[in-house]
Amino acid sequence: KEMVGRGQLGSIFNLTGEAETNAMQKIAMEKSRLHVPLLFGLDVIHGFRTEFPVPLGMSATWDPALVEQAARVAAKEASRAGVRWTYSPMVDIARDARWGRIIEGSGEDPYLGSALAAAYVRGYQGTKLNDPQSIAACSKHFVGYGAAEGGRDYNTAEIPIRLLRQVYLPPFQATIAAGAATFMSAFESLNEVPASANAFTLTQVLRKEWGFKGFVVSDWGSIGELIEQGVAANHAVAAGKAILAGVDMDMESNAYGPH
């Protein structure tokens, strides 16, 4: 609460319920210097109160309209509880069933993956973000996270540029066409460059080639992970590399706040 009052938080993860979120929002709006409202985010992956099949199961329907309808229900329920931002859809193409998080996406095909990715965005966001029942979508994990070697989560990914552009990038681009408000940078190193410090994907492709106007949030702790990945000596260097590459918000690493 003290950090909110000082304007040191932009968003809060995993706080739900209208009483709880309104109490925090009141502090932000009345006590912080700039009176910028907080954004409350949550992993609304396959429903909020009403549960739907996991995304991989939903993809087996081959029915974008049904996926959009399910996401709309989730948005209505989540927004009622004060959640206005979901860390979904996960649009990683995954072709190694050993990777457990394959369950969160739409499988191995970029065409189907693109169609369903756009459907999720339309369902979550509705026709306009300022609708009380709209929640902002977050396309994740940008990019190549589903190609982790050996199916080991967080593991490095080696993806030739042709394969990257023809298979792994299209679902993300489809979400921009559908109006996705936010993106999430990934954990893994893509072709030896950590995804959360990768100016080629985050700036060249996302901003310059695709014209994305929203903001990019890091995955949980992924800016701090730049130290473990060997490209940053400390959190100050990690913060510099991430923000210069194109990551706008630091989720959990506490690198941007102090530095």
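The rules behind the values
- Residues numbered from 1 in each chain as written.
- Predicted model: local features only at pLDDT ≥ 70, side-chain atom pairs only at ≥ 80, totals over all residues.
- Heavy atoms only, no water.
- Helix = DSSP H or I, 4+ residues; strand = E, 2+ residues; numbered from the N terminus.
- Rg over C-alpha atoms; globule rule 2.2 N^0.38 Å.
- Buried < 20%, exposed > 50% of the residue type's maximum accessible area, 1.4 Å probe, protein only.
- Contact = heavy atoms within 4.5 Å.
- Lys, Arg positive; Asp, Glu negative; His and termini not counted.
- Charge placed at Lys NZ, Arg CZ, Asp CG, Glu CD.
- Pairing = 2+ DSSP bridges.
- Arc of directions from axis to C-beta.
- Polar contact = N/O pair within 3.5 Å; in protein donor to acceptor, adjacent residues only side chain to side chain.
- Right-handed = clockwise from strand over helix to strand, strands pointing away.
- 1 Å grid on protein atoms, 1.4 Å probe; cavity = no way out; pocket = protein on both sides within 12 Å on 5 of 7 lines; lining within 4 Å.
- Points joined across faces, edges and corners; volume = space filled by probe spheres on them.
- Axes fitted to C-alpha atoms, helices over the stretch in contact; angles between N-to-C directions.

**Focus on the overall build of the protein**
Across its full length, the protein carries ten helices and eight strands. Relative to a compact globule of 259 residues, whose C-alpha radius of gyration would be 18 Å, the protein shows 18 Å and is just as compact. Structurally, the protein occupies a C-alpha span of about 50 × 45 × 30 Å along its principal axes. Among the 259 residues that make up the protein, the fraction classed as buried is 51%. Of all intrachain contacts in the protein linking residues separated by at least 6 positions in sequence, the fraction that spans at least 24 positions is 73%. Positive and negative side-chain charges in the protein, numbering 23 and 27 respectively, have mean positions lying 8 Å apart.

**With respect to the sheet that holds strand β3 (residues 85-86)**
Read from one edge to the other, the open sheet built from three strands follows the order β1-β2-β3, with strand pairing classed as parallel. With partners counted over all chains shown, the strands left at the sheet margins are β1 (11-13) and β3, one partner each. Taken together, the two bridges between strand β2 (residues 39-42) and β3 define a ladder with parallel strand orientation. Across the sheet, L42 pairs through a bridge with T86, a residue of β3.

**Concerning the environment of V73**
Mapped onto the elements of the fold, V73 is located in helix α4 (residues 64-80). In this structure, the C-alpha to C-alpha distance between V73 and I135, residues 62 residues apart in sequence, is 11 Å.

**With respect to helix α8 (residues 199-209)**
Burial in α8 covers these residues: T201, L202, V205 and L206. Projected down its long axis, α8 carries its buried residues within an arc of 120°, all on one side. N-cap assignment for α8: the residue whose side-chain oxygen lies 3.1 Å from the backbone N of F200 is N198. Once α8 finishes, G211 follows within two positions and takes phi at roughly 70°, a positive value.

**What to know about the pairing of β2**
Relative to β2, β1 runs parallel, the two being bridged by three bridges. Its bridge partner lying in β2, F13 is registered against G41. Read from β1 through helix α2 (residues 18-31) to β2, the crossover connection turns out right-handed.

**Notes on empty space enclosed by the protein**
Think of a ball as big as a water molecule: rolled over the atoms, this probe shows where empty space is left. Applying the stated criterion across every chain, the model contains two cavities of 30 Å³ or more. Here the largest cavity defines a volume of roughly 70 Å³. In terms of lining residues, the largest cavity is bounded by 13 residues, among which I45, H46, G47, A70 and Y120 are the most central. Elements with a contribution of two residues or more to the lining of the largest cavity: α3 (55-59), α4 and α5 (110-125).

**A short note on the pairing of strand β4 (residues 138-142)**
Most of β4 is tucked away, with five of its five residues classed as buried. In this sheet, strand β5 (residues 182-185) lies alongside β4 in parallel orientation, the contact comprising three bridges. Opposite C138, over in β5, you have T182 as the bridge partner.

**Regarding the side chain of S218**
As for its position among the elements, S218 is in strand β8 (residues 215-218). For S218, a relative accessible area of 0% puts it in the buried group. In this structure the side chain of S218 is engaged in a polar contact, spanning 2.9 Å, whose partner is the backbone nitrogen of M251.

**Examining the sheet that holds β5**
As summarised here, the arrangement of the three strands in space is β4-β5-β8, forming an open sheet in which the pairing is parallel. Two strands close off the open sheet at either side, each with one partner strand: β4 and β8. Taking each pair of neighbouring strands and ignoring which way they run, the sheet shows an average axis angle of 25°. Relative to β8, β5 runs parallel, the two being bridged by four bridges.

Nothing here speaks to function; it is geometry throughout.
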